[in-house]
Amino acid sequence: AQKVTQAQTEISVVEKEDVTLDCVYETRDTTYYLFWYKQPPSGELVFLIRRNSFDEQNEISGRYSWNFQKSTSSFNFTITASQVVDSAVYFCALSEDSNDMRFGAGTRLTVKP
Amino acid sequence: GAVVSQHPSWVICKSGTSVKIECRSLDFQATTMFWYRQFPKQSLMLMATSNEGSKATYEQGVEKDKFLINHASLTLSTLTVTSAHPEDSSFYICSARTPGQWEQYFGPGTRLTVT
């Protein structure tokens, strides 16, 4: 069974602080995909990144970066120099096959001015 | 590309009535569509998977007679909440996938309130 754990329910930071959102996953498969989504108050999911299990290279996209470590089954997400517009709920998700995507509980990030 | 729409974006209905929610893939053909439910301050939970032209596969605990899913074409899936009750009030999100792809493209969601 696949499982995604986002232990941080809520995080509050002040603008310009860096913040890391944790994601730990469980799977028995060797082939899988990991995702991060942002859900602003409007509710629409915004796709941030997809990473397959064979690609452990960390990725940076502007102020966003992701650290994928298979040894610890973690796929953490860091926002550098956070901004108020980053306030949202962030979901980590795992897909073991193309017909199944399981979401973590989500982390609510509040960035205060 | 890969845009998924949902209609309506929000709906209010009275207890006991039925509500239909549409999910459309606008610029691609989706052989598989997924329906998720999200209660306030909770995560997305998969309700069912539907493949075009066949019956939907429901997750454990989801009543198939209450949540009717139809995927009659490659661009449209519908979810009908029958005899809705206040506890069915939730945010319903659909997603669509093209053949051979892992990526799911999510719709903007439909907020259902049952009074």
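The rules we used
- Residues numbered from 1 in each chain as written.
- Chains lettered and ligands numbered in written order.
- Predicted model: local features only at pLDDT ≥ 70, side-chain atom pairs only at ≥ 80, totals over all residues.
- Heavy atoms only, no water.
- Helix = DSSP H or I, 4+ residues; strand = E, 2+ residues; numbered from the N terminus.
- Rg over C-alpha atoms; globule rule 2.2 N^0.38 Å.
- Buried < 20%, exposed > 50% of the residue type's maximum accessible area, 1.4 Å probe, protein only.
- Contact = heavy atoms within 4.5 Å.
- Areas by Shrake-Rupley, 256 points an atom, 1.4 Å probe, with all protein chains shown as cover.
- Lys, Arg positive; Asp, Glu negative; His and termini not counted.
- Charge placed at Lys NZ, Arg CZ, Asp CG, Glu CD.
- Salt bridge = Lys/Arg side-chain N within 4 Å of Asp/Glu carboxyl O.

Enquirer: Would you mind going over the overall build of chain A in detail, with residue names and values included?
Expert: Looking only at helices and strands, chain A features zero helices and twelve strands. Taken from N to C terminus, the helices and strands of chain A fall in the order β-β-β-β-β-β-β-β-β-β-β-β. Relative to its length of 113 residues, chain A is compact, with a C-alpha radius of gyration of 14 Å against a globular reference of 13 Å. Here chain A holds 113 residues, and the buried ones make up 45% of them. For chain A, long-range pairs separated by at least 24 residues make up 55% of all intrachain contacts whose partners lie at least 6 apart in sequence. When the accessible surface of chain A is totalled, it reaches about 5600 Å², and 46% of it is carbon and sulfur. In chain A, 11 positive and 15 negative side-chain charges are present, and the distance between their average locations comes to 2 Å.

Enquirer: Hey, could you go over the pattern of salt bridges for me, with residue numbers and the actual values?
Expert: One pass over the structure, following the stated rule, counts seven salt bridges over all chains. Of the charged contacts in the structure, one is a salt bridge between A:Arg102 and B:Glu59, with a shortest N-O distance of 3.0 Å. Highlighted residues: A:Arg102 in strand β11 (residues 100–103) and B:Glu59 in the loop between β6 (57–58) and β7 (67–73), drawn from two different chains. For A:Arg102, a relative accessible area of 26% translates into the label partly exposed. Through salt bridges that share partners, A:Arg51, A:Asp55 and A:Glu59 make up one connected network.

Enquirer: Now, about the environment of B:Pro99: what can you tell me, with residues and values included?
Expert: Residue and element names in this part refer to chain B. Position of Pro99 relative to the elements: it lies in the loop between β9 (90–97) and β10 (105–106). Here the alpha-carbon distance between Pro99 and Asp65, two residues 34 residues apart in the chain, equals 28 Å. Other than its neighbours up to four places away in sequence, Pro99 contacts Gln29 and Thr31.

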